[in-house]
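# Inside the fold
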Protein chains: 2
Amino acid sequence: MAQRPPDPADPAAGAVTGDALADHLRAQATEFLRALRLHREGGTGAESDDAIRALRRSARRISGSLHTFRPLLDAGWAESVRPELAWLSGTLALEQAYAARLERLLLALHRLSGTPVLPAQAPGPAGSAATERGRLALGAAKAGALLERQLTLARTRAHSATLQTLGGSRFHAVADTVALLASQVPLAPAAAGTDLRPLAAAAEERLATAVTALPLVRAGHPYNAEALVHGLSPDPSPHPQDAPWHQVRLLLRLHRYAREVLHGDDVTDVRLTAAGQALDRHRDASEAAAAAARAARTPRIAPATAYALGVLHADQRHEVEAARYAFQRSWRKQTVGTP
Amino acid sequence: MAQRPPDPADPAAGAVTGDALADHLRAQATEFLRALRLHREGGTGAESDDAIRALRRSARRISGSLHTFRPLLDAGWAESVRPELAWLSGTLALEQAYAARLERLLLALHRLSGTPVLPAQAPGPAGSAATERGRLALGAAKAGALLERQLTLARTRAHSATLQTLGGSRFHAVADTVALLASQVPLAPAAAGTDLRPLAAAAEERLATAVTALPLVRAGHPYNAEALVHGLSPDPSPHPQDAPWHQVRLLLRLHRYAREVLHGDDVTDVRLTAAGQALDRHRDASEAAAAAARAARTPRIAPATAYALGVLHADQRHEVEAARYAFQRSWRKQTVGTP
């Protein structure tokens with residue numbers, strides 16, 4: 001386990017050194033190998049999903065540490081491994097992302113149709129979504145069916161890609177690297193005794209700088225109608241305004257991982273968690289809105305279907321705006337609360 | 001003019017009696033007749049619009065006083081005149097309402113397309129809207145053209161209805177009644193010396209009660225997504241949730257008119273004005289959203305048009321929600337601010 005200073009807020013507390021980084025990387029590598037073993041043992045769909053999630057979880061943490069604490073690691077090694085871990089966690093994320101996107105969109109269609117979905121009836125990965133659609137108005141039902149078709153196809157493809165990935169030589173090379181990492185961390189010379197905290201502070205600083213560039217004053221005014229501007233733009237990628245928020249989401253994650261290396265992952269900061277959840281919601285809603293807009297460009301759909309997709313797109317863009325408002329509030333609390 | 005107590009907040013100030021009501025009704029009747037003369041003298045479209053607006057303004061105030069202070073007026077007379085005034089102001093309101101609705105929807109389409117409309121280019125009553133549409137994406141442009149066609153037709157019909165109304169015998173009867181009112185107010189026996197304030201307080205009480213029934217706690221939570229619930233409902237009139245807000249808008253107006261009778265119309269309450277403007281915006285956005293939804297049911301429209309109308313509908317429903325939030329805030333200030 002990582003060293004834990006008695007009080008992380010006390011500047012006189014002992015330094016956390018490269019040894020702690022090595023401990024952390026070994027622990028994450030071990031987690032990765034355990035998840036891989038679980039996945040290879042097979043099991044139900046849910047067990048397999050959990051194993052994939054655990055694989056991604058440790059891949060992201062290893063990759064994050066390689067980025068934040070790069071000066072303490074063998075440079076050539078870190079630079080060759082990191083893109084491979086990023087490729088892996090990106091590839092493994094797709095299947096669950098499509099499933100979550102479909103669920104989000106179908107739940108929104110229900111909300112918009114005034115037919116609340118009871119928890120037991122929430123559209124699961126199986127065929128219950130079709131039953132649910134029976135209770136929707138025609139346009140909403142057709143929009144739901146179209147999204148289900150498109151996102152299920154995307155999900156099936158992602159599932160095949162996951163299986164191909166996990167059976168392929170590129171993945172095996174990553175798994176071998178991680179297996180080595182579980183026993184031997186390639187630290188740079190003299191890194192074992194070097195203080196990690198300046199590098200962790202630099203990660204926090206990058207986050208703070210990126211947050212400063214966000215339009216937080218505007219986001220703090222409810223109903224500013226910012227997120228839907230360009231909602232009908234002829235531009236096929238009309239939402240460059242989302243990019244800085246996505247970037248902050250990644251930097252917040254790196255900051256959180258660096259905190260885990262320093263303080264262990266039981267030192268959670270609820271405000272940081274809330275800010276991260278708001279940015280996850282921002283990303284999910286942004287992508288769901290884009291999926292609705294793409295579905296509306298399907299040739300030969302009925303006007304009622306297109307209308308429902310338009311309402312759905314706008315609804316998700318307002319979710320984007322709501323997420324920015326939520327982030328702004330949790331971040332402001334954070335800044336006020338930190339001495 | 002109405003009597004003005006030196007300090008309206010001072011309970012020891014002199015009572016405002018039925019005489020003040022008679023003064024107020026005579027003044028409003030005189031305003032009505034002046035506006036009617038202006039309209040008959042003809043003039044530009046803008047002058048005619050102003051005359052119609054002034055006619056409605058005094059008709060609403062006379063009608064409001066007849067309602068709030070009914071016990072002080074000849075009962076049979078008040079009950080026969082009031083529905084006629086309501087019919088008149090309702091009929092005269094339509095033409096300007098359609099024009100304002102079209103302008104609101106075209107401005108929203110521009111905002112949603114990321115093509116800001118400069119003040120000089122704002123779509124006026126004339127043909128400039130067609131030029132504006134040239135800068136919109138295809139779906140938005142077609143949606144704009146469809147709304148322009150439908151609302152311009154409705155407006156033209158309302159214009160004819162206004163002309164017919166002002167030339168018809170039903171209107172002449174109203175005008176005769178108002179002409180009599182300008183010289184002689186049919187007060188009930190002993191009303192001249194009766195205090196108006198309990199009746200004005202009752203109007204305020206009806207407003208307060210109706211506000212209490214509004215879901216203000218929910219409205220005070222930004223992005224509650226309430227206004228768009230049922231946005232895709234199969235029900236053709238899916239927004240009964242708007243009705244209590246419309247009702248509060250009318251009661252707020254009656255309260256404001258009663259204040260004018262008591263204190264003169266130069267004693268404006270900025271918070272009351274803000275609350276009233278929020279409810280006007282609520283009504284306008286609610287009706288604009290309904291117009292977009294109706295346009296989307298036009299047979300044989302292109303999917304891109306229907307999609308744009310869906311986005312537009314959702315956008316206006318969010319305006320509805322934003323207006324509720326704004327009302328809640330101004331009302332809360334009001335309640336906190338009042339001793």
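Computed from a predicted model, the values in this text were never measured in an experiment. (Residues numbered from 1 in each chain as written. Chains lettered and ligands numbered in written order. Predicted model: local features only at pLDDT ≥ 70, side-chain atom pairs only at ≥ 80, totals over all residues. Heavy atoms only, no water.)

### As for the relation of the copies chain A and chain B
Its rotation angle being 180°, the transformation that places chain A on chain B also includes 0.0 Å of axial translation and leaves an RMSD of 0.0 Å. What we have between these two chains is a two-fold relation. When the interface residues of chain A are mapped onto chain B, 100% of them are again interface residues, pointing to one common binding face. (Least-squares fit on C-alpha atoms with pLDDT ≥ 70 in both. Contact = heavy atoms within 4.5 Å.)

### Remarks on the layout of surface pockets
Residues and elements named next belong to chain A. Estimated volume of the second largest pocket: approximately 1,100 Å³. Taken together, 37 residues make up the lining of the second largest pocket; nearest its centre are Arg-56, Arg-60, Arg-249, Arg-253 and Arg-283. For the lining of the second largest pocket, the secondary-structure elements that each account for two or more residues are helix H2 (45–68), helix H3 (75–112), helix H9 (243–263) and helix H10 (270–296). Looking at which element gives the most residues to the lining of the second largest pocket, the answer is H3, with 11 residues. Tallied by class, the residues present in the lining of the second largest pocket amount to 11 nonpolar, 8 polar and 18 charged. (1 Å grid on protein atoms, 1.4 Å probe; cavity = no way out; pocket = protein on both sides within 12 Å on 5 of 7 lines; lining within 4 Å. Points joined across faces, edges and corners; volume = space filled by probe spheres on them. Helix = DSSP H or I, 4+ residues; strand = E, 2+ residues; numbered from the N terminus. Nonpolar A, V, L, I, M, F, W, Y, C, P; charged D, E, K, R; others polar.)

### A short note on the interface of chain A and chain B
At the junction of the two partners, chain A supplies 36 residues and chain B supplies 36 residues. Of the roughly 3,000 Å² buried between chain A and chain B, counting both surfaces, carbon and sulfur atoms make up 73%. Per-residue buried area on chain A facing chain B is highest for Tyr-223, Leu-232 and Tyr-307 of chain A; these three make up 31% of the total on that side. The tally of links between chain A and chain B comes to 0 salt bridges. Linking chain A with chain B are 6 residue pairs in polar contact (both at pLDDT 80 or more). Sorting the residues of the side of chain A that touches chain B by element identifies H3, H10 and helix H11 (303–337) of chain A as the ones contributing at least two each. Looking at the side of chain A that touches chain B element by element, the count peaks at 14 residues for H11 of chain A. (Buried area = accessible area lost by both parts, 1.4 Å probe. Salt bridge = Lys/Arg side-chain N within 4 Å of Asp/Glu carboxyl O. Polar contact = N/O pair within 3.5 Å; in protein donor to acceptor, adjacent residues only side chain to side chain.)

### Some details on empty space enclosed by the protein
According to the stated counting rule, one finds 5 cavities of 30 Å³ or more in the structure shown. Its volume calculated, the largest cavity comes out at about 70 Å³. Around the largest cavity, the lining residues are Asp-315, His-318, Glu-319 and Ala-322 of chain A together with Tyr-223, Asn-224, Ala-225, His-318 and Glu-321 of chain B. For the lining of the largest cavity, the element with the highest residue contribution is H11 of chain A, accounting for 4 residues. Classifying every residue of the lining of the largest cavity gives 3 nonpolar, 3 polar and 3 charged. Of the volumes computed, that of the second largest cavity is approximately 60 Å³. Lining of the second largest cavity is provided by Pro-215, Arg-218, Ala-219, Asn-224, Glu-226, Trp-245, Glu-321 and Arg-324 of chain A. Contributions of two or more residues to the lining of the second largest cavity are made by helix H8 (216–219) and H11 of chain A.

### Concerning the side chain of Glu-319 of chain A
Residues and elements named next belong to chain A. Position of Glu-319 among the secondary structure elements: in helix H11. A relative accessible area of 17% means that Glu-319 is categorised as buried. Those residues in contact with Glu-319, other than ones at most four positions away along the chain, are Arg-104, Arg-281 and Ala-285. (Buried < 20%, exposed > 50% of the residue type's maximum accessible area, 1.4 Å probe, protein only.)

### What about the nonpolar core?
Judged by nonpolar contacts, the single largest core of 54 residues is most densely connected at Leu-309 and Leu-312 of chain A together with Leu-309 and Leu-312 of chain B. The set of elements that each furnish at least two residues to this core consists of H3, helix H5 (138–167), H10 and H11 of chain A together with helix H3 (75–113), helix H5 (138–167), helix H10 (270–296) and helix H11 (303–337) of chain B. Discounting chain neighbours no more than four positions away, the residues touching Leu-309 of chain A are Ala-143, Leu-146, Leu-147, Ala-292, Ala-295, Ala-296 and Ile-301 of chain A together with Tyr-307 of chain B. (Core = buried A, V, L, I, M, F, W, Y, C linked by side-chain atoms within 4.5 Å.)

### What to know about the side chain of Ser-89 of chain A
Residue and element names in this part refer to chain A. Inspection of the secondary structure assignment puts Ser-89 in helix H3. Reaching out from Ser-89, the side chain makes a polar contact with the backbone oxygen of Ala-86 at a distance of 3.4 Å. Look past the residues within four positions of Ser-89 in its chain and what remains in contact with it is Arg-56, Ala-59 and Arg-60.

### Comments concerning the environment of Leu-55 of chain B
Residue and element names in this part refer to chain B. Of note, Leu-55 is situated in helix H2 (residues 45–68). Residues Leu-55 and Ser-233, 178 residues apart in the sequence, show an inter-C-alpha distance of 39 Å. Those residues within four positions of Leu-55 in sequence are excluded, and the remaining contacts are Phe-32, Ala-35, Leu-36, Leu-92 and Leu-166.

Function-wise, these values are silent; they only describe arrangement.
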